[in-house]
Protein chains: 2
Amino acid sequence: MQKTITIAVDAMGGDNAPKEIIKGAVLAVQEKRNIKVILVGKEAVIRNELGGYEYDKERIVIINAEENITNNESPVMAIRRKKNSSIVVALNLVKNGEADAFVSAGSTGAVLAGGQLIIGRIKGVERPPLAPIIPTIAGASLLIDCGANVDARPSHLVQFAKMGSIYMENVVGVKNPRVAIVNIGAEEEKGNNLVKETFPLLKNSTDINFIGSIEARDIPYGAADVIVCEAFVGNVILKLYEGLGSALIDKIKEGLMSTTKSKIGALLSKSALKNTLKAFDYSQYGGAPLLGLKGLVVKTHGNSKSNEIRNSILQCVAFSENKINEKIEDNLKDYENNIKKGE
Amino acid sequence: MQKTITIAVDAMGGDNAPKEIIKGAVLAVQEKRNIKVILVGKEAVIRNELGGYEYDKERIVIINAEENITNNESPVMAIRRKKNSSIVVALNLVKNGEADAFVSAGSTGAVLAGGQLIIGRIKGVERPPLAPIIPTIAGASLLIDCGANVDARPSHLVQFAKMGSIYMENVVGVKNPRVAIVNIGAEEEKGNNLVKETFPLLKNSTDINFIGSIEARDIPYGAADVIVCEAFVGNVILKLYEGLGSALIDKIKEGLMSTTKSKIGALLSKSALKNTLKAFDYSQYGGAPLLGLKGLVVKTHGNSKSNEIRNSILQCVAFSENKINEKIEDNLKDYENNIKKGE
């Protein structure tokens, strides 16, 4: 019999909470038999919303949390003070082993800070990166790091490359994933100080498939599977990806609606267009894992609908079943041992 | 009578040289009467190509330069060694006052290095930024800096903001341009060390219209007119902008061509789509000026066609007629004086 994976879900986080979050949880337990979901948040609100669904009562339970952390609060302060918030209560469930993973569409800052403060890092991990999957022409790539800790050191980036490779290989199923570092030119001597110092370290890492630098223009074409950068640059890439994608699609819609002829054209091409643009849809990939913690934390978009929540919950199962954290710990231990042995 | 502006053009630079470069020069002199173009490069090749056009022989002249700098050479070395390359010869024309400006679609590194080494900086300018115009839903914004000098200091970014404001106001015609710094959140306390140190300096600069931080997702919507960042981040934004734009348009074309129905739809909506997507076309804005030099240097895309070359030449006229360099020098002088007075 398969092991049951328990996932704590922040029922109060994000723009579409609790409605879409709860719908996503119901969809996930309907999809896979070995999932149990703990919905964390205001019990009365959740119970009322759940009333509209048919589901296995033993596989979705509620744990009450009266407080809520908003996007406008200082994340660290909020985590320390709001002990009864859905984020803090859920993270404690993971810490205490009552849940294997936590999924939230709430405040990114609070989820990142809480993950580190409450669950803590795997031994050997210097900094836990937030690693969203971004859609490309060729499929999808992992962009690591997009977290809140900026001004990274070269050793952080090397760990990101290793953790990202393990994730892409085992959760997303990309064999021997190609790792590249974001740079402003293809040559080894190009880049800022951080990139110049990190490049030879990545080149000498025998346990990753390092292919060199990647220029930002090649990211949408899927030129690498694991795209390594520090969090400031990662954030810029992630947000420009989202912003430019929707700006261009707005412009195209405007164009298609501008004349009678183009409106008829739009009607005829609508379903075909929808199909190809689906490849650039974020929600199918689920949320971004915060890697390197002693438990899994997944941050989904603030505007997540049920489908993204469902996919994020299912992603936790793959993560847990493939023992990603054990693999990360072993990998970093090997690396430390090698350094000690002077290899 | 209007003053004649003389522009040295690198006839050998870029993927489409010399054909498209020479066509662009001819278009520019046909468009405006007070332009004189010096085509720099292999005289026989240029003369042969020019033979196909009707033009005012006194307003397009050729200066021979037998060597060519490629993208694969070290820029600084190439500038020092290839004294008879089109880039070095043309930059010397600007240095000696025989040309007011230089336009090149050749090696970005060589143009940037040569601009600084041969023409030199305006007094007071710490670092000359490369500042391309990027298209947005609302029009266009100046992205400053996208050059080759990474790891900038806060004082550099403050100068970029000032120079960028002068350019947008006087060349592009945006009154009181809104200046923002690229950041990973809207709050003043967010960001990496460089942004945190620069933010209060920009806030206290009374001669610019600083509106605070801009997140990358808001750039395509035109949320600021002058977008300040250091060159590594600027390069990532610029290249992702180009790469993602063309990747999405490829996907849309694929969608439109995927079924018979959608092909008919595409035929009907083609001209309307073309019209709206034109707003996202780079070539209409001309090239990127390298600001803060004692002469104007404009770098156009490596794949520039005649239209972009033409627009880049015309842009030099606006730059020169509006005395941008005098304005930059005055502005920085005022700023230094104020610092000395302790203001």
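All values derive from a computational prediction rather than experimental measurement. (Residues numbered from 1 in each chain as written. Chains lettered and ligands numbered in written order. Predicted model: local features only at pLDDT ≥ 70, side-chain atom pairs only at ≥ 80, totals over all residues. Heavy atoms only, no water.)

## Concerning the overall build of chain A
Condition: Think of it this way: any DSSP run of H or I at least four residues long counts as a helix, any run of E at least two long counts as a strand, and we number them from the N terminus. For the radius of gyration, the atoms used are the C-alpha atoms, and the globule rule reads 2.2 Å times the number of residues raised to 0.38. When accessible area is computed with a 1.4 Å probe and restricted to protein chains, residues below 20% of their type maximum are described as buried, those above 50% as exposed, and intermediate ones as partly exposed. Computed with the Shrake-Rupley method and a 1.4 Å probe, the accessible areas treat only the protein chains shown as cover for residues. When charges are counted, Lys and Arg are positive and Asp and Glu negative, with His and the chain ends excluded. Working definition for charges: the position is that of NZ of Lys, CZ of Arg, CG of Asp or CD of Glu.
Tallying secondary structure elements over chain A gives 11 helices and 11 strands in all. For chain A, the C-alpha radius of gyration of 21 Å lies close to 20 Å, the compact-globule estimate for 343 residues. Summarising its shape, the C-alpha atoms of chain A cover approximately 60 × 60 × 45 Å along the three principal directions. Here chain A holds 343 residues, and 57% of them are scored as buried. By element, 49% of the accessible surface of chain A is carried by carbon and sulfur atoms, the whole surface being about 14300 Å². Of note, chain A has its 43 positive side-chain charges centred 3 Å away from the centre of its 39 negative side-chain charges.

## Notes on the environment of Val317(A)
Residue and element names in this part refer to chain A. Heads up, the condition is: In this description, contact between two residues means that some pair of their heavy atoms is separated by no more than 4.5 Å.
When you line up the elements, Val-317 lands in helix 10 (residues 306-321). Sequence separation between Val-317 and Glu-73 is 244 residues, and the spatial gap between their C-alpha atoms is 31 Å. Those residues in contact with Val-317 that lie beyond four places of it in its chain are Ile-5, Ile-7, Lys-32, Asn-34 and Ile-35.

## Comments concerning the relation of the copies chain B and chain A
Our working definition: Only residues with pLDDT of at least 70 in both copies contribute their C-alpha atoms to the least-squares superposition of the copies.
With an axial shift of 0.0 Å and an RMSD of 0.0 Å, the rotation relating chain B to chain A amounts to 180°. Put plainly, the chains are arranged around a two-fold axis. Relative to the rotation axis, the closest C-alpha in chain B is found at Gly265(B), a distance of 1.8 Å. Of all interface residues in chain B, 100% are interface residues in chain A too; the two copies therefore contact each other through one and the same surface.

## Some words on the packing of helix 1 (residues 19-31) of chain A against helix 10 of chain A
All names here are of chain A. Quick reminder of the rule: Between the N-to-C directions of two axes lies an angle of 0 to 180 degrees, each axis being a line fitted to C-alpha atoms and, for a helix, fitted only over the stretch in contact. When describing relative orientation, an angle under 35 degrees is termed roughly parallel and one over 145 degrees roughly antiparallel, while 65 to 115 degrees is termed roughly perpendicular and anything else oblique. Two helices crossing with the near one rotated counterclockwise from the far one by less than a right angle form a left-handed crossing, whereas a clockwise rotation gives a right-handed crossing. Charged means Asp, Glu, Lys or Arg here, nonpolar means Ala, Val, Leu, Ile, Met, Phe, Trp, Tyr, Cys or Pro, and polar covers whatever is left, Gly included.
Running from N to C, helix 1 and helix 10 point in directions that differ by 45°, and their axes come no closer than 7 Å. Viewed along their axes, helix 1 and helix 10 adopt a mutual orientation that is oblique. Where helix 1 crosses over helix 10, the two elements pack in a sense that is right-handed. Of the residues in helix 10, those touching helix 1 at Glu-20, Ile-21, Lys-23, Gly-24, Ala-25, Leu-27, Ala-28 and Glu-31 are Ser-306, Ile-309, Arg-310, Ile-313 and Leu-314. When its residues are assigned to classes, the contact of helix 1 with helix 10 shows 7 nonpolar, 2 polar and 4 charged.

## Concerning the interface of chain B and chain A
Often, the extent of an interface is quoted as the loss of accessible area on bringing the components together. Spelled out, the test is: Take the accessible area each of two parts loses on contact, using a 1.4 Å probe, and add the two losses: that sum is the buried area. By definition here, a salt bridge exists when the distance from a side-chain nitrogen of Lys or Arg to a carboxyl oxygen of Asp or Glu is within 4 Å. The term polar contact refers here to a pair of N or O atoms within 3.5 Å; inside protein, the definition further demands a hydrogen-donor-capable atom paired with an acceptor-capable atom, and it admits residues adjacent in sequence only when both atoms are side-chain atoms.
Contacts between the two partners involve 51 residues from chain B, matched on the other side by 51 residues from chain A. Summing both partners gives a buried area of about 4900 Å² for chain B against chain A, and 76% of it is carried by carbon and sulfur. Here chain B and chain A share 4 salt bridges between them. Inspection of the region where chain B meets chain A yields 12 residue pairs in polar contact (both at pLDDT 80 or more). Only helix 7 (193-203), helix 8 (231-256) and helix 9 (260-277) of chain B provide two or more residues apiece to the side of chain B that touches chain A. A total of 21 residues in the side of chain B that touches chain A trace back to one element, the largest contributor, which is helix 8 of chain B. Considering only residue class, the side of chain B that touches chain A consists of 27 nonpolar, 15 polar and 9 charged.

## Quick notes on the sheet that holds strand 3 (residues 60-64) of chain A
Residues and elements named next belong to chain A. Applied cut-off: Being paired, for any two strands, means DSSP has found at least two bridges between them.
Across the sheet, which stays open at both edges, the 6 strands sit in the order 3-2-1-4-11-10 with mixed pairing between neighbours. Of all strands in the sheet, those with a lone pairing partner are strand 3 and strand 10 (288-290), marking the two edges. Each strand of the sheet is rotated relative to its neighbour by a mean of 25°, with strand direction disregarded. Taken together, the 5 bridges between strand 2 (residues 35-41) and strand 3 define a ladder with parallel strand orientation.

## Comments concerning helix 10 (residues 306-321) of chain B
All names here are of chain B. Note the threshold: By this rule the span expected of a helix is its residue count minus one, scaled by 1.5 Å.
Its 16 residues give helix 10 an end-to-end C-alpha distance of 23 Å, which sits within 8% of 22 Å, the value for a rise of 1.5 Å per residue. For helix 10, the set of buried residues is Ser-306, Glu-308, Ile-309, Arg-310, Asn-311, Ser-312, Ile-313, Leu-314, Gln-315, Cys-316, Val-317 and Phe-319. Of the residues flanking the end of helix 10, it is Lys-323, one or two places downstream, whose phi is positive at about 50°.

## Some words on the pattern of salt bridges
With the rule as written, the count across this model stands at 28 salt bridges over all chains. One salt bridge connects Glu43(B) with Arg47(B), and the closest N-O pair in it is separated by 2.7 Å. You can see Glu43(B) and its partner Arg47(B) sitting in helix 2 (residues 43-50), 4 residues apart, about one turn around the helix. Here Arg47(B) falls in the partly exposed class, since its relative accessible area comes to 48%. Several salt bridges converge on common partners, so that one network encompasses Glu215(A), Arg217(A), Lys239(B) and Glu242(B).

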